[in-house]
Each structure stands twice: as C-alpha cells, then as structure tokens.
Amino acid sequence: MLPLPPGQVEIPDFPRWGLPEYVLRWPEIPGRPVLQLGGDVRTPCEVGLEELTSLQRHEQISEFHCVATWSRRGLRWSGYLFRDFYERVSVPRAQPNAGAYLVLRGLDEYWTSLSLDDALAEEVMLADSLDGDKLSVEHGAPIRLVAPAHYGYKSAKHLCGLEVRRDPPGTKADTEHPRGRVAREERGQGRPGREFRAMYSAALASMLQYYRNLKRPGDS
Ligand SMILES: Nc1nc2c(c(=O)[nH]1)N[C@H]1C(S)=C(S)[C@@H](COP(=O)(O)O)O[C@H]1N2
Ligand SMILES: [Mo]
C-alpha cells in the first residue's frame, strides 16, 4: 500500500467533520433536490438530481484526507464523474462563459471552490452513495463532491449549487488554501503547510473526540 501523503495519519472510522458552524447543521433534504447552476453563465438554471440518472454511473475506492491530519482509506463512493456531469449537463444547460473557477455550495450554507481544471480531473465525483448505502445526511446527502487529491474541505457535502467564476473566488478563511492539493501540502494560506500540520497534529486527539461524539439533533 502506498504511504499516506505528508503529515497524515490513518484512522479506522469516518466521522462527520467540518467547522462547528456548519457541521452542527443537519440540513433538511428537499423532496426534489436540485442543483442551481449559476455565476458567469449564459443561462442560470436548475437541474433536478433525477436528471443525473442519464449519466453513466461511476464507482471508485479512494482515500480521504482531512486537513486536520486524519486520513481514511478505502471509501467506496458511487455516483457520477464530475467531469461527465459538467460536460454533459452543466455546459449544455447553463452555457458557462470562459470561467476558470467553480464555487460549490451546500444546503448548510457551506461553500468552497475549485479551479475548473482541478474539478475536471480524474477521480472527482458527485457521490450519492458510500460503501454500498445511499449517502447519509451525516456524510453529505443528497449528493456531495468527492475530490480525493484535495483536502477534505474541497469535498462539499449537501451540494445544492455550482457557480462558474472568471476570477478566483477567495476562501472563507486562511485555513483554506485556494487549491488545497494534498500532494503539495496546500493546507492553508500565509504559512507553510508543515506549520498548519503541526498545529492540527497537536489538536487531533481532542478534535477526533469531539467529532466522533457529534449527535444528530433529537438523538439522545
Ligand atoms: N457542506 C459542507 N461540506 C463540507 C463540510 C461542511 O461542514 N459542510 N466540511 C468539510 C470538511 S472540513 C471535511 S474534512 C469533509 C468531511 O466529510 P464527512 O463529514 O463526510 O466526514 O467535508 C467537507 N465538506
Ligand atoms: Mo476537513
């Protein structure tokens, strides 16, 4: 087995994770979920997830690397290749102008971005199933992005909107890197990756305890 990327440690489980501001929001899944396509496009529009069933299904097993230094191996995602979705649905329906970036939005109001090149790379998926089960709310129902070569914060859960942008969209904070490539340890901005690594490693045990004990609202 290949070694994990620099600074990552393997964990056996897969906790729901994210900034507390978002992770404690368990979004209500609409009866007919849609993706809003907008931004720098000729025709902003709405695509029902049922329309994705015209695309070829794709399954892959990949690693997942959270910037907080944990990695999970062997997740079996199923859904659609993002590139297929973009080329066969987004482009014909929304008619993007010459944008080079994508903003991804979740039902919990989370947002992140990817360069279009990174989003169209191999292994980037829209996943609606994990390890053979329908994607749970915990992990991003009804559909989420999966970008294994990027830190977990780029893999937007509960995806409900995609915006094409001509200019770099920026980030929510310096703890997110505009590109976030794991192989280059692009953990955040303004400091080298290994400094973020040291900070997260020191906090990992207590963070894992917090996220492993998250309860859905209503659970006892
Ligand atoms: N919508 C949304 N997407 C999100 C987040 C979030 O809080 N909300 N957290 C990100 C972070 S930091 C990580 S590590 C992964 C965690 O995915 P998981 O909850 O399925 O483990 O989701 C990413 N995508
Ligand atoms: Mo993360």
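Residues numbered from 1 in each chain as written. Chains lettered and ligands numbered in written order. Predicted model: local features only at pLDDT ≥ 70, side-chain atom pairs only at ≥ 80, totals over all residues. Heavy atoms only, no water.

Enquirer: Tell me about the overall build of the protein chain, residues and numbers included.
Expert: Assigned secondary structure in the protein chain consists of 4 helices and 11 strands. Relative to the 2.2 N^0.38 estimate, which gives 17 Å for 220 residues, the radius of gyration of the protein chain is 17 Å and therefore close to what a compact globule would have. Dimensions of the protein chain, computed from the C-alpha atoms along their principal axes, are close to 45 × 40 × 35 Å. Summarising the internal contacts of the protein chain: among those between residues at least 6 apart in sequence, 66% fall at separations of at least 24. Per element, the accessible surface of the protein chain, about 10700 Å² overall, is 50% carbon and sulfur. (Helix = DSSP H or I, 4+ residues; strand = E, 2+ residues; numbered from the N terminus. Rg over C-alpha atoms; globule rule 2.2 N^0.38 Å. Contact = heavy atoms within 4.5 Å. Areas by Shrake-Rupley, 256 points an atom, 1.4 Å probe, with all protein chains shown as cover.)

Enquirer: Outline the pairing of strand E2 (residues 34-39), listing residues and values.
Expert: Here E2 runs beside strand E3 (residues 45-48); their pairing, made up of 4 bridges, is antiparallel. Bridged to Leu-35 within E3 is Val-47. Across 4 bridges, E2 lies against strand E11 (residues 159-165) in parallel orientation. When the bridges of E11 are listed, Gly-38 appears paired with Glu-163. (Pairing = 2+ DSSP bridges.)

Enquirer: Tell me what's going on with the environment of Ala-121, and back it up with residues and numbers.
Expert: Looking at the element boundaries, Ala-121 is found in the loop between helix H3 (116-119) and strand E8 (125-130). On the accessibility criterion, Ala-121 (33% relative accessible area) is partly exposed. As a C-alpha pair, Ala-121 and Leu-204 span 83 residues in sequence and 30 Å in three-dimensional space. (Buried < 20%, exposed > 50% of the residue type's maximum accessible area, 1.4 Å probe, protein only.)

Enquirer: Describe in detail the packing of aromatic side chains, supporting the description with residues and values.
Expert: Across all of its chains, the model carries 11 aromatic pairs by this definition. Through pairs of rings, three or more aromatic residues link up here, namely Phe-14, Trp-17, Phe-64, Trp-70, Trp-77, Tyr-210 and Tyr-211. Between the NZ or CZ atom of Arg-57 and the centre of the ring of Tyr-80, over which it lies, the distance is 5.1 Å. A cation sits over an aromatic face here: Lys-172 above Trp-111, 5.7 Å from the ring centre. (Phe/Tyr/Trp six-rings, centres within 6.5 Å; stacked < 30°, edge-to-face > 60°. Lys NZ or Arg CZ within 6 Å of the ring centre and 35° of its normal.)

Enquirer: For the pattern of salt bridges, give the residues involved together with the corresponding values.
Expert: Overall, the coordinates contain 17 salt bridges when judged by the stated rule. A salt bridge links Asp-40 to Arg-166; the shortest N-O distance between them is 3.1 Å. On the criterion of sequence distance, the pair formed by Asp-40 in the loop between E2 and E3 and Arg-166 in the loop between E11 and helix H4 (193-212) is long-range, its members being 126 residues apart. Taking the relative accessible area as the measure of exposure, Asp-40 reaches 19% and is therefore buried. Salt-bridge contacts for Glu-51 lead to Arg-93; the nearest nitrogen and oxygen are separated by 2.5 Å. Residue Glu-51 is found in the loop between E3 and strand E4 (58-65), and its partner Arg-93 is found in helix H2 (residues 82-94); the two are separated by 42 residues along the sequence. (Salt bridge = Lys/Arg side-chain N within 4 Å of Asp/Glu carboxyl O.)

Enquirer: How would you explain the site of ligand 1 if you had to name every residue and give the values?
Expert: What surrounds ligand 1 is a group of 19 residues, the closest being Pro-15, Asp-108, His-139, Arg-144 and Lys-157. At a separation of 2.7 Å, a nitrogen atom of ligand 1 approaches a polar side-chain atom of Asp-108. One of the side-chain nitrogen or oxygen atoms of Arg-144 is found 2.7 Å away from an oxygen atom of ligand 1. With the chains in place, 97% of the 530 Å² that ligand 1 exposes on its own is no longer accessible. Here the residues of the shell around ligand 1 sort into 9 nonpolar, 5 polar and 5 charged. (Near = heavy atom within 4 Å. Polar contact = N/O pair within 3.5 Å; in protein donor to acceptor, adjacent residues only side chain to side chain. Nonpolar A, V, L, I, M, F, W, Y, C, P; charged D, E, K, R; others polar.)

Enquirer: Pulling in residues and values, what's your account of the side chain of His-158?
Expert: The residue His-158 is located in the loop between strand E10 (144-146) and E11 in this model. By relative accessible area, which is 0% here, His-158 ends up buried. Setting aside chain neighbours within four positions, we find His-158 in contact with Arg-16, Pro-27, Arg-105, Gly-106, Leu-107, Asp-108, Val-137, Gly-140, Ala-141, Pro-142, Ile-143 and Arg-144.

Enquirer: If you had to explain the side chain of His-139 to someone new, which residues and values would you point to?
Expert: Along the chain, His-139 falls in the loop between strand E9 (133-134) and E10. Judged by relative accessible area, which is 8%, His-139 ranks as buried. His-139 has contacts with Phe-14, Pro-15, Arg-16, Leu-130, Arg-144 and Lys-157, leaving out every residue within four places of it along the chain.

Nothing here speaks to function; it is geometry throughout.
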